[in-house]
Amino acid sequence: MGSHPHDLPTPVTAAGREGLEALLRAPRRSVVALDFDGTLADIVPDPDQARAHPGAVPALSALAPEVASVAVITGRPAGVAVRYGGFAGVPGLEHLVVLGHYGAERWDAVTGIVHTPAEHPGVAAVRAELPGFLDSIGAWRGTWIEEKGRALAVHTRRAANPEAAFEALREPLAELAARHGLMVEPGRAVLELRPPGMDKGVALTEFLAETGAEAVLYAGDDLGDLAAFAAVEKRRTDGLPGVLVCSGSAEVPELAARADLVLPGPAEVVAFLSTLAAAARA
């Protein structure tokens with residue numbers, strides 16, 4: 001696969017190689033954006049037990065001062081991602097921003113404040129209806145509901161056949177969401193019911209415009225990251241160099257197929273970020 005200085009792996013595509021070279025030429029004018037679960041943190045059966053890889057904060061605190069900004073873009077509430085990531089009050093993370101709920105919420109390390117809009121009324125309606133709805137369609141066994149504040153998620157990972165349960169729920173949950181003005185975001189053994197209008201692609205595009213970035217790297221692992229991949233691909237056609245990194249998972253081959261660089265998981269993503277920090281500093 002070849003290597004860059006400081007043993008950075010070489011992207012397999014020409015666009016990815018150009019993006020990485022552009023980032024290393026001008027790191028202070030570049031944005032590094034990252035998903036949380038599956039990218040900085042291992043996927044675990046209970047999302048409440050997810051925590052950033054032990055090397056994530058040291059890697060990010062080394063990288064953040066060398067680039068224009070590091071953005072964590074996640075479907076989780078911003079405050080939850082900050083707690084589970086251990087991002088608050090860490091020297092070196094002054095350039096870190098967490099965009100929660102697909103960009104609807106924002107936390108930045110400088111102020112330590114979460115900015116959040118009012119709750120969509122459809123979320124409250126679905127919150128009340130969802131337990132009985134799952135019971136009425138016989139989907140209660142092995143599934144469970146995660147409360148996410150501005151969204152609700154139905155997990156199937158504990159079901160006897162998680163993939164079959166996932167597929168069986170897609171259409172009924174889409175109909176339920178549509179009745180209340182919501183949409184369904186599929187993920188790895190999870191279906192999230194949330195307000196429309198924001199996704200990781202929109203969040204990333206707006207953040208790149210805000211920062212005036214001249215290069216971007218985005219790393220993700222799940223179906224929700226496809227929108228961010230598409231945003232980077234669109235900006236590349238507009239002349240903004242970019243690198244797409246997949247935190248490898250056999251569960252989401254679509255993402256790996258579109259990535260410039262595939263890494264096995266969070267441990268390798270963190271190692272890559274540490275090496276990137278050293279290369280940017282040099």
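First things first, this report covers the structure right here in the doc. (Residues numbered from 1 in each chain as written. Predicted model: local features only at pLDDT ≥ 70, side-chain atom pairs only at ≥ 80, totals over all residues. Heavy atoms only, no water.)

### Topic: unusual backbone geometry
Here is step 1 of the chain: In this structure, Tyr 102 takes a positive phi of about 60 degrees despite not being glycine.
Here is step 2 of the chain: With respect to the helices, strands and loops of the structure, Tyr 102 is situated in the loop between strand 3 (96–100) and strand 4 (105–108).
Here is step 3 of the chain: A relative accessible area of 7% places Tyr 102 in the buried class. (Helix = DSSP H or I, 4+ residues; strand = E, 2+ residues; numbered from the N terminus. Buried < 20%, exposed > 50% of the residue type's maximum accessible area, 1.4 Å probe, protein only.)

### Section: the nonpolar core
Here is step 1 of the chain: One finds Val 32, Leu 40, Val 70, Phe 87, Leu 217, Leu 273 and Leu 276 to be the most contacted residues of the largest nonpolar core, which totals 44 residues.
Here is step 2 of the chain: Here the element with the most residues in this core is helix 9 (residues 266–281); it accounts for seven residues.
Here is step 3 of the chain: Leave out the neighbours within four places in its chain, and Phe 87 touches Phe 36, Leu 40, Val 57, Leu 60, Val 72, Ala 81, Val 82, Leu 93, Leu 96, Val 98 and Trp 107.
Here is step 4 of the chain: Listed in part, the 26 residues of the second largest apolar core include Leu 99, Val 216, Leu 226 and Leu 255. (Core = buried A, V, L, I, M, F, W, Y, C linked by side-chain atoms within 4.5 Å. Contact = heavy atoms within 4.5 Å.)

### Brief notes about helix 5 (residues 162–179)
Owing to its 3.6 residues per turn, the α-helix aligns residues three or four sequence positions apart on the same side.
Here is step 1 of the chain: Its 18 residues give helix 5 an end-to-end C-alpha distance of 26 Å, which sits within 8% of 26 Å, the value for a rise of 1.5 Å per residue.
Here is step 2 of the chain: Of all the bends found along helix 5, the most pronounced is centred on Arg 170 and spans about 35 degrees, while Pro 172, a proline, follows it within four residues.
Here is step 3 of the chain: Listed in full, the buried residues belonging to helix 5 are Ala 165, Phe 166, Leu 169, Leu 173, Leu 176 and Ala 177.
Here is step 4 of the chain: Where helix 5 is buried, its residues meet helix 4 (121–136), strand 7 (152–155), strand 8 (183–187) and strand 9 (190–194).
Here is step 5 of the chain: Gly 181 sits one or two positions beyond helix 5 and adopts a positive phi of about 75 degrees. (Expected span 1.5 Å × (residues − 1). Bend = angle between axes of the 7 residues up to and from the residue.)

### Quick look at the environment of Val 70
Here is step 1 of the chain: Its place among the elements puts Val 70 in strand 2 (residues 69–73).
Here is step 2 of the chain: Between the alpha carbons of Val 70 and Ser 136 there is a distance of 44 Å; along the sequence they are 66 residues apart.
Here is step 3 of the chain: Those residues in contact with Val 70 that lie beyond four places of it in its chain are Val 32, Leu 34, Leu 60, Leu 63, Ala 64, His 95, Leu 96 and Val 97.

### Quick word on the sheet that holds strand 10 (residues 215–220)
Here is step 1 of the chain: Strand order in the open sheet made by the eight strands is 5-4-3-2-1-10-11-12, with mixed pairing throughout. Looking at which strands have only one partner, the edges of the open sheet turn out to be strand 5 (114–115) and strand 12 (261–263).
Here is step 2 of the chain: Both strand 10 and strand 11 (residues 242–247) contribute to a ladder of five bridges, which runs parallel. Residue pairing for strand 11: Leu 217 is matched across the bridge by Val 243.
Here is step 3 of the chain: Here helix 1 (residues 14–25) sits on the sheet and contacts strand 1 (30–34), strand 10 and strand 11; the angle it forms with strand 11, its principal contact strand, is near 110 degrees.
Here is step 4 of the chain: Running at roughly 160 degrees to strand 11, helix 7 (residues 226–237) makes contact with strand 10 and strand 11 of the sheet. (Pairing = 2+ DSSP bridges. Axes fitted to C-alpha atoms, helices over the stretch in contact; angles between N-to-C directions.)

### A few points about the sheet that holds strand 6 (residues 144–147)
Strand pairing in a sheet relies on backbone hydrogen bonds. The paired strands run either parallel or antiparallel.
Here is step 1 of the chain: Taken in spatial order, the four strands make up an open sheet running 6-7-9-8, and their pairing is antiparallel. A single partner strand is all that each edge strand has here, and the edge strands are strand 6 and strand 8. The sheet shows a mean angle of 25 degrees between the axes of neighbouring strands, taken without regard to direction.
Here is step 2 of the chain: Pairing geometry for strand 7 and strand 9, over four bridges, is antiparallel. What sits directly across from Leu 152, in strand 9, is Leu 193.
Here is step 3 of the chain: Sheet strands touched by helix 4: strand 6, strand 7 and strand 9. Its angle to strand 7, the strand with the most contacts, is close to 20 degrees.
Here is step 4 of the chain: Packed onto the sheet, helix 5 meets strand 7, strand 8 and strand 9 and runs at close to 5 degrees relative to strand 9.

By themselves these figures say nothing about function.
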